[in-house]
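# Geometric and topological summary
In case you want the letters, here they are:
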Amino acid sequence: MSNPRNGDTKPPCLPRNGLVKIPTQPNGLGSASITKGTPAVKNRLCQPSSVPAILSPALAPRSDLPIPSLASPLSLAALAGVSSPPGASLVGLNSSEAAPGTEHPSPERLPGSPSERQLAVDEKILNRLFWYFSACEKCVLAQVCKAWRRVLYQPKFWVGLTPVLHTKELYNVLPGGEKEFVSLQGFAVRGFDGFCLVGVSDLDICEFIDNYPLSKKGVKSMSLKRSTITDAGLEVMLEQMQGVVRLELSGCNDFTEAGLWSSLNARITALSVSDCINVADDAIAAISQLLPNLTELNLQAYHVTDTALAYFTAKQGYTTHTLRLNSCWEITNHGVVNMVHSLPNLSVLSLSGCSKVTDDGVELVAENLRKLRSLDLSWCPRITDMALEYIACDLHKLEELVLDRCVRITDTGLSYLSTMSSLRSLYLRWCCQVQDFGLKHLLSMGSLRLLSLAGCPLLTTTGLSGLVQLQELEELELTNCPGATPELFKYFSQHLPCCMVIE
C-alpha cells in the first residue's frame, strides 16, 4: 500500500487487463484478485478509478465536488455539504501533512457542526463516497476500520465483479505443516455469485463447495482455468452447485466429452470452452442435446468440424443469440451453411481465427443472419473487400465489426463500409493495405464512436489528421501506427477533446 507520508501518490493496487489485486488480508486470501467483465476487452487501456457510469439519482455525483481517489483525498465535510470545521483535515491526511505554508486555524468548531470523526463514520455519507472508488481501492478502504468495512461489504458495491482465486490461495499452512481451507465468509457477506478458480483439482472444488456458504444455490457463474478437473469432479460440481447457469472451462485437459454428457444440466444458459484438448464434435453433440435453453456459446476448439455445427436443435435456434467460434481451424464455408440454418437468430457472431472461411461464407452470414449486431472476422486471411460489400448491403443493424489482421482488406472495402449508418465500432488493427484514401471514406460515418487503426503501416500523419471531422468519436486507437506522431496527438487533444486517443 502506498504511504501518503512519503509523498507517494501511487494507487495501492494497479488494475491491469481487467484484474485487480486484493491487498493482504488475515483470512489468507491476500493475493486473490477480482475481475470485472471480460479482461482486456478489445485491448483497451484500463482506466483509473472513476464515477460509475450508471448511478441512481440519489447517488449521482455532484458537479461541484472533486472526484476523490486514494491519491487525492476528499474532505468528508465537503461531501456532506457542510463547511469543514476549523482545523479539520482531509480524509487520509493528518494536519501535519498539509501543504507547506498552509495556515492552521484555531481548533474551535462552529456550534452544532459535526466533528470530522463523526463525518468519517457517517454511513449516509460513506454510502455516497464509496461509489467513486475502483474495486481495488475498495479492498484497501475496507481495512481502515470496522465502520468502513460494514458499509463497503454491502453487495451493491461488488455487483458485476468476479473473484479470481488460485489454488495456493485457498489454503492456510498451519504450524504443524497441515493445510486448512481459508474462510470465504468475507466473499459471502459481499454476495459474490460468481467465481474464477485457477489451477484447482477435484478435491479443491469439493472443499470450495463445502466452505462457501452460498455455493449450493447462490453461485450463478463458475469459471475453471488451467485446472485438473476430471469427469467425476465436473459432475459433482454441477450436481452440488444447483444455481450455476454460466460455466467456463479453459485449459482443462483432464475432462472428456463423456464428462460433458454426464454433467451438463439444462439450467445452463451460457457455456464457454477453450483450450481443452478433448473437445471435438461429440462435445457439441452433448451441448446441443443437453442445453436446450442455451443463449450463449463460446468455443475455441481445434478439432471441431463442419458436421458439429448442424447438431443444434430447433429450440436452440430460437434461444441462442451469441456464438463465438474462435480459432476453430477446421470450420469451412460448409460449416457456415450449417450454422446459419441451425441458429438463425444470432445477434453476436465471431469467426475469429477460422482461417478457412472465405468471402462466400461471409455472404451466407450476411444473407441469413440479418439480426446481427456484432461480427468478428479477425484473423481470417481469406476475407477480401467483396465480403465487406456483402456486409454493407445486408447487415443494416450491425453496430460492431472487427477486421483485425484481415490483410487483404483495401481502401475499396472501406468505401463499402462508409454506407453503414448503424456502425458504431470498427476495428482495423494491422490491416496492412489500408491507406489515407480509405480513411476519407470513413469521415462520413457520423455514427462511429470507436475506431482502431493500430498497426496500420501505410497511414500518414496527414491522413490521420483528417479524423478530427469525426467529432462524435469517443475512442481512437493508434498504437504502433507510424503516422501517429507527438504533434498529431497534440492536434487531436485540441480538436477532439472528448475522444480518448490511445497512443
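As a reminder, the structure under discussion sits directly above these lines.
What counts and how
- Residues numbered from 1 in each chain as written.
- Predicted model: local features only at pLDDT ≥ 70, side-chain atom pairs only at ≥ 80, totals over all residues.
- Heavy atoms only, no water.
- Helix = DSSP H or I, 4+ residues; strand = E, 2+ residues; numbered from the N terminus.
- Contact = heavy atoms within 4.5 Å.
- Buried < 20%, exposed > 50% of the residue type's maximum accessible area, 1.4 Å probe, protein only.
- Pairing = 2+ DSSP bridges.
- Salt bridge = Lys/Arg side-chain N within 4 Å of Asp/Glu carboxyl O.
- Axes fitted to C-alpha atoms, helices over the stretch in contact; angles between N-to-C directions.
- Parallel < 35°, antiparallel > 145°, perpendicular 65-115°, else oblique.
- Nonpolar A, V, L, I, M, F, W, Y, C, P; charged D, E, K, R; others polar.
- Phe/Tyr/Trp six-rings, centres within 6.5 Å; stacked < 30°, edge-to-face > 60°.

### A few points about the side chain of Ser250
- Its location among the elements puts Ser250 in strand β8 (residues 246-250).
- With residues near it in sequence (within four places) discarded, Ser250 still touches Leu224, Lys225, Arg226, Ser274 and Cys276.

### Quick notes on the pairing of strand β9 (residues 270-274)
- Counted residue by residue, β9 has five buried out of five residues, so it is predominantly covered.
- Side chains of β9 alternate between two faces, with Ala270, Ser272 and Ser274 and Leu271 and Val273 buried alike.
- Pairing of β8 with β9, which is carried by five bridges, proceeds in the parallel orientation. Across the sheet, Leu247 pairs through a bridge with Leu271, a residue of β9.

### Some thoughts on the pattern of salt bridges
- Inspection of every chain in the model, using the stated rule, returns eight salt bridges.
- A salt bridge links Glu296 to Arg246, with the shortest nitrogen-to-oxygen separation between them at 3.7 Å. In this pair, Glu296 sits in strand β10 (residues 296-300) while Arg246 sits in strand β8, placing the two residues 50 residues apart along the sequence.
- Relative accessible area serves as the criterion here: at 39%, Arg246 is assigned to the partly exposed category.
- The partner of Asp394 in a salt bridge is Arg370, with the nearest N and O atoms 3.6 Å apart. You can see Asp394 sitting in helix α14 (residues 385-394) and its partner Arg370 sitting in the loop between α13 (359-368) and β13 (374-376), a full 24 residues away along the chain.
- Judged by relative accessible area, which is 19%, Asp394 ranks as buried.
- In this structure, a network of salt bridges that share partners links the residues Arg246, Glu296 and Arg324.

### Some details on the packing of helix α12 (residues 333-342) against α13
- The geometry of α12 relative to α13 is characterised by a closest axis approach of 9 Å and an angle of 10 degrees between their N-to-C directions. Our classification of the angle between α12 and α13 gives roughly parallel. Side by side, α12 and α13 meet where Asn333, Val336, Val337, Met339 and Val340 of the first sit next to Asp360, Gly361, Leu364, Val365 and Asn368 of the second.
- Looking at the contact of α12 with α13 residue by residue, the class counts come to six nonpolar, three polar and one charged.

### Details of the packing of α13 against α14
- Closest axis-to-axis distance for the α13/α14 pair is 9 Å, and the angle between their directions is 5 degrees. In terms of orientation, α13 and α14 fall into the roughly parallel class. Side by side, α13 and α14 meet where Asp359, Val362, Glu363, Ala366 and Glu367 of the first sit next to Met386, Ala387, Tyr390, Ile391 and Asp394 of the second.
- Looking at the contact of α13 with α14 residue by residue, the class counts come to six nonpolar, no polar and four charged.

### Structural notes on the packing of aromatic side chains
- On inspection of all chains with the given rule, the structure shows twelve aromatic pairs.
- On the basis of an interplanar angle of 70 degrees and a centroid distance of 5.4 Å, the ring pair of Phe130 and Trp148 is categorised as edge-to-face. Placement of Phe130 in the loop between α3 (123-129) and α4 (135-141) and of Trp148 in helix α5 (residues 146-152) is noted, with a sequence separation of 18 residues between them.
- Accessibility expressed as a relative area gives 0% for Phe130, which makes it buried.
- What makes Trp148 buried here is its relative accessible area of 7%.
- Taking 6.3 Å as the distance between ring centres and 80 degrees as the angle between the ring planes, the aromatic pair formed by Phe130 and Phe157 counts as edge-to-face. With Phe130 in the loop between α3 and α4 and Phe157 in the loop between α5 and β3 (161-166), this pair connects stretches of sequence that are 27 residues apart.

### With respect to unusual backbone geometry
- Even without being glycine, Trp379 reaches a positive phi, approximately 60 degrees.
- In this structure, Trp379 sits in the loop between β13 and α14.
- One non-glycine residue, Trp430, lies in the positive phi region at around 60 degrees.
- If you trace the backbone, Trp430 turns up in the loop between β15 (425-427) and α16 (436-442).
- What makes Trp430 partly exposed here is its relative accessible area of 34%.

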